[in-house]
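Each chain, written out:
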Amino acid sequence: MTTEIESVLVENRVFPPFENLVKHANISGMDAYRALCDEADRDPEAFWTRLGRENLVWTKPFTRALDESEAPFFHWYADGEMNVSANCLDRHLNTPVADKVALIFEADDGKVEHVTYRQLHARVCEFANGLKALGYEAGQRAVIYMPMSVEAVVAMQACARLGIIHSVVFGGFSSKSLHERIVDVQAVLVITADEQVRGGKKIPLKPAVDEALGFGGCETVSKVIVYRRTGSEVAWKAGRDLWMHEVCAGQAQTCEPVSLSGEHPLFILYTSGSTGKPKGVQHSTAGYLLWSLMTMKWTFDAKDSDVYWCTADVGWVTGHTYITYGPLAAGLTQVVFEGVPTYPDAGRFWDMIQRHKVTVFYTAPTAIRSLIKLAESTPTVHPREYDLRSLRILGSVGEPINPEAWMWYYTQVGGERCPVLDTWWQTETGAHMITPLPGATPLKPGSCTLPLPGIAAAVVDETGEEVERGKGGFLVIKRPWPSMVRTIWGDPERFKKSYFPPELKGWYLAGDGAQRDTDGYFWIMGRIDDVLNVSGHRLGTMEVESVLVAHELVAEAAVVGRPDDTTGEALVAFVVLKRSLPEREEAMEIAKQLRDWVSKEIGPIAKPKDIRFGENLPKTRSGKIMRRLLRVVAKGEEITQDVSTLENPAILQQLSQSV
Ligand code: ATP
Ligand code: MG
């Protein structure tokens with residue numbers, strides 16, 4: 001039996017790097033990139049030692065970068081000591097960065113607040129002192145359930161300053177999911193807000209915390225600290241509940257950062273739950289921060305003059321690495337946004353880029369695909385209506401970006417002047433792994449291109465043999481790297497089983513399928529769990545979906561397999577059109593067009609047997625398509641799986657109807 005995945009998509013467009021970017025880039029040209037790769041491959045220990053010494057501020061220097069004695073529980077910089085918050089804030093205080101704007105916070109209603117590094121440092125210290133006064137200390141766990149706000153960044157940084165391990169739960173999660181996470185990490189403290197404001201609506205947060213704590217099993221929680229966002233009336237439990245501003249009141253604006261081992265746990269964060277029940281990924285202090293900072297410098301080519309904007313929520317790893325930690329360690333000015341991309345209209349992102357003169361913009365394919373759909377139906381919110389000339393770099397993260405969505409981002413948003421960086425990484429990897437470099441890598445739409453220096457990525461079969469170029473297999477990382485997941489909180493066995501299966505020689509198994517082309521470029525083909533099997537051909541979901549998305553009528557598509565008597569598996573395609581939902585006759589006509597299109601672009605084997613139209617697809621709250629649910633829907637069965645991270649349950653009903 002073969003586990004190989006066949007590649008059926010041909011993509012020949014190549015975009016060389018722009019000369020003006022190459023000239024000033026932190027990694028300038030492919031030779032500079034290769035030199036760093038060679039340095040890392042020759043002597044990884046020396047490479048990681050050099051980066052650790054040159055880029056982080058230590059209170060006690062480390063003597064060894066990597067300790068493999070307890071593999072696959074790898075330890076990095078374990079005998080050194082430092083503090084993450086000091087590396088993000090204090091390090092800038094005696095430099096010109098101190099009075100630079102750290103955060104440009106834009107509220108849902110458009111109100112803007114500027115916070116300098118010095119001010120942010122003072123606010124973090126006040127809150128940390130308040131937490132200290134309440135008796136909290138290093139090693140304890142705090143759950144943070146907050147809206148996008150300066151206060152959320154302050155809360156995370158204050159925890160890091162004291163060595164309190166934070167676990168951020170996305171504000172859109174229900175009290176039930178919140179409860180599970182509070183219990184799982186045995187939190188001593190919950191930090192929340194009265195309400196959050198998104199798209200002009202107030203959404204309660206504190207009531208969800210009250211409800212979660214009421215479910216029982218949360219006796220470890222001694223305080224709930226509440227940031228007053230809207231001032232609406234909230235229920236109050238005397239002795240347990242405290243206002244954040246009262247916790248801070250009268251506290252000193254300096255607070256000695258706690259000196260912590262490089263391996264001290266920094267945070268626990270649950271994965272998106274696309275392929276199963278979310279995993280509590282634990283990250284550490286030094287290694288995590290090092291790779292967060294290096295990728296800011298290398299991938300985003302961080303420059304003092306940048307205005308950087310990552311649109312993620314701090315509830316996801318992208319919001320940890322590329323909002324709370326990486327950009328601050330790099331001393332950048334960044335935009336933090338409370339609202340949603342479609343309020344007051346679908347031009348909000350472009351309007352904000354124009355007003356704040358954003359230079360580096362980082363968002364998700366799901367946002368791009370929905371904005372394409374909206375821009376094409378409402379010309380006034382099309383990016384061409386805005387002045388986006390400040391942009392120099394565009395990034396994408398979270399899912400494969402289909403080549404046609406990539407091209408739209410590149411031409412319509414970037415004006416064919418900005419590289420689109422398709423950054424492949426995971427909650428578990430902590431930071432970017434495979435990604436283009438803006439001043440070096442020639443780009444191919446749909447490819448995350450090449451691994452960063454020091455990242456030993458490869459594509460192998462189930463025995464660990466590297467597969468031929470052009471053939472798909474399992475994406476693995478053959479050497480440990482500093483920002484790798486340390487364990488699954490409370491479940492080291494699941495950690496070993498999920499990421500380090502015995503057949504794979506101790507390499508990290510990512511769970512994604514990939515192929516490399518003749519230039520060595522990586523193309524993510526989809527999740528291993530989602531591989532399609534038609535008449536003996538194993539296909540990744542990405543390629544068939546990309547062909548569907550390339551059709552002029554289609555905004556989004558997801559493809560899954562369903563058992564079939566003749567072909568083993570038949571393909572079922574779930575399609576969101578750019579236009580409104582078609583009626584029966586028309587739906588049949590469009591379905592036929594799409595089938596013919598796939599047949600022509602790929603071949604008859606990939607032709608979907610069943611096509612279903614919906615207004616949306618089932619997605620995680622981080623915006624990823626949940627194909628595992630679509631597989632159940634395609635079979636016409638009841639869903640019994642974990643749906644705690646599903647954003648839009650109602651959509652499953654709509655998609656259960658065949659055309
Ligand atoms: P779970 O692990 O619970 O199933 P998840 O894998 O969706 O959830 P995340 O860690 O948020 O949780 O997402 C990582 C995954 O997202 C990757 O394994 C990959 O499948 C996908 N991904 C992220 N970036 C890219 C990218 N640039 N190209 C292709 N896929 C990507
Ligand atoms: Mg995953």
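Conventions and cut-offs
- Residues numbered from 1 in each chain as written.
- Chains lettered and ligands numbered in written order.
- Predicted model: local features only at pLDDT ≥ 70, side-chain atom pairs only at ≥ 80, totals over all residues.
- Heavy atoms only, no water.
- UniProt positions renumbered as here; feature names shortened; annotations may be inferred.
- Near = heavy atom within 4 Å.
- Polar contact = N/O pair within 3.5 Å; in protein donor to acceptor, adjacent residues only side chain to side chain.
- Areas by Shrake-Rupley, 256 points an atom, 1.4 Å probe, with all protein chains shown as cover.
- Core = buried A, V, L, I, M, F, W, Y, C linked by side-chain atoms within 4.5 Å.
- Buried < 20%, exposed > 50% of the residue type's maximum accessible area, 1.4 Å probe, protein only.
- Helix = DSSP H or I, 4+ residues; strand = E, 2+ residues; numbered from the N terminus.
- Contact = heavy atoms within 4.5 Å.
- Axes fitted to C-alpha atoms, helices over the stretch in contact; angles between N-to-C directions.
- Parallel < 35°, antiparallel > 145°, perpendicular 65-115°, else oblique.
- Left-handed = near helix turned anticlockwise from the far one by under 90°.
- Nonpolar A, V, L, I, M, F, W, Y, C, P; charged D, E, K, R; others polar.
- Pairing = 2+ DSSP bridges.

For the protein, an unreviewed UniProt entry supplies the name Acetyl-coenzyme A synthetase and the organism Candidimonas humi. Database annotation for the protein, UniProt heading Cofactor (unreviewed entry): "Mg(2+)". A UniProt comment under Sequence similarities (unreviewed entry) is attached to the protein, and it reads "Belongs to the ATP-dependent AMP-binding enzyme family."

Novice: Residues and numbers for the site of ligand 1, please.
Specialist: Around ligand 1 lies a shell of 20 residues, among which Thr271, Ser274, Thr275, Asp422 and Thr427 are the nearest. A distance of 2.6 Å separates a nitrogen atom of ligand 1 from a polar atom in the side chain of Asp422. Between ligand 1 and Arg527 there is a distance of 2.8 Å, counted from an oxygen atom to a side-chain nitrogen or oxygen. Within the complex, 95% of the 640 Å² of free accessible area of ligand 1 lies under protein.

Novice: So, the nonpolar core: which residues are in play, and what are the values?
Specialist: Formed by 149 residues in total, the largest nonpolar core has its most connected members in Trp48, Leu120, Phe127, Ile182 and Trp291. Of the residues forming this core, the biggest block, 10 residues, is contributed by helix α6 (residues 150–162). Other than its neighbours up to four places away in sequence, Trp48 contacts Ala65, Trp76, Tyr77, Leu290, Trp291, Pro453, Gly454, Pro480, Trp481 and Pro482. Counting 34 residues, the second largest nonpolar core, distinct from the first, contains Phe337, Ile368, Tyr386 and Ala405.

Novice: Please provide a residue-by-residue account of the packing of helix α16 (residues 541–549) against helix α17 (residues 584–601), values included.
Specialist: Where α16 contacts α17, the two axes come as close as 10 Å, and the packing angle between them is 120°. In this view, α16 runs oblique relative to α17, as classed from their interaxial angle. Crossing geometry of α16 relative to α17 is assigned as right-handed. Within the contact between the two elements, α16 uses Val544, Val547 and Leu548 and α17 uses Leu594, Trp597, Val598 and Glu601. Tallied by class, residues from the contact of α16 with α17 come to 6 nonpolar, no polar and 1 charged.

Novice: Tell me what's going on with the UniProt feature "binding site: ATP" (unreviewed entry) in the protein, and back it up with residues and numbers.
Specialist: The UniProt feature table records "binding site: ATP" (unreviewed entry) at Gly398, Glu399, Pro400, Asp422, Thr423, Trp424, Trp425, Gln426, Thr427, Asp512, Arg527 and Arg538. The named residues occupy 141 residues along the chain; their greatest pairwise C-alpha distance, 26.9 Å, places them well apart from one another. Positionally, Gly398 belongs in the loop between β19 (393–396) and α14 (403–413). Apart from the residues lying within four places of it in its own chain, the contact partners of Gly398 are Pro365 and Lys624. Along the chain, Pro400 falls in the loop between β19 and α14. A relative accessible area of 25% means that Pro400 is categorised as partly exposed. With residues near it in sequence (within four places) discarded, Pro400 still touches Pro365, Arg369 and Met542.

Novice: Outline the environment of Asp241, listing residues and values.
Specialist: For Asp241, the position within the fold is in strand β12 (residues 241–243). Owing to a relative accessible area of 4%, Asp241 belongs among the buried residues under this scheme. Separated by 322 residues in sequence, Asp241 and Pro563 have C-alpha atoms that sit 53 Å apart. Setting aside anything within four residues of it in sequence, one finds Asp241 in contact with Lys206, Asp210, Val224, Ala235 and Trp236. At a separation of 2.8 Å, a polar atom in the side chain of Asp241 contacts the main-chain amide nitrogen of Lys237. At a separation of 2.7 Å, a polar atom in the side chain of Asp241 contacts the side chain of Arg240.

Novice: Report on the sheet that holds strand β30 (residues 610–613), specifying residues and quantitative values.
Specialist: Pairing is mixed across the open sheet formed by 3 strands, whose spatial order is β28-β29-β30. Every interior strand has two partners, whereas the edge strands, β28 (554–564) and β30, have only one. Each adjacent strand pair in this sheet contributes to an overall mean axis angle of 20°, direction not counted. Sheet contacts for α16: β28 and β29 (568–577); angle to β28, the most-contacted strand, approximately 135°.

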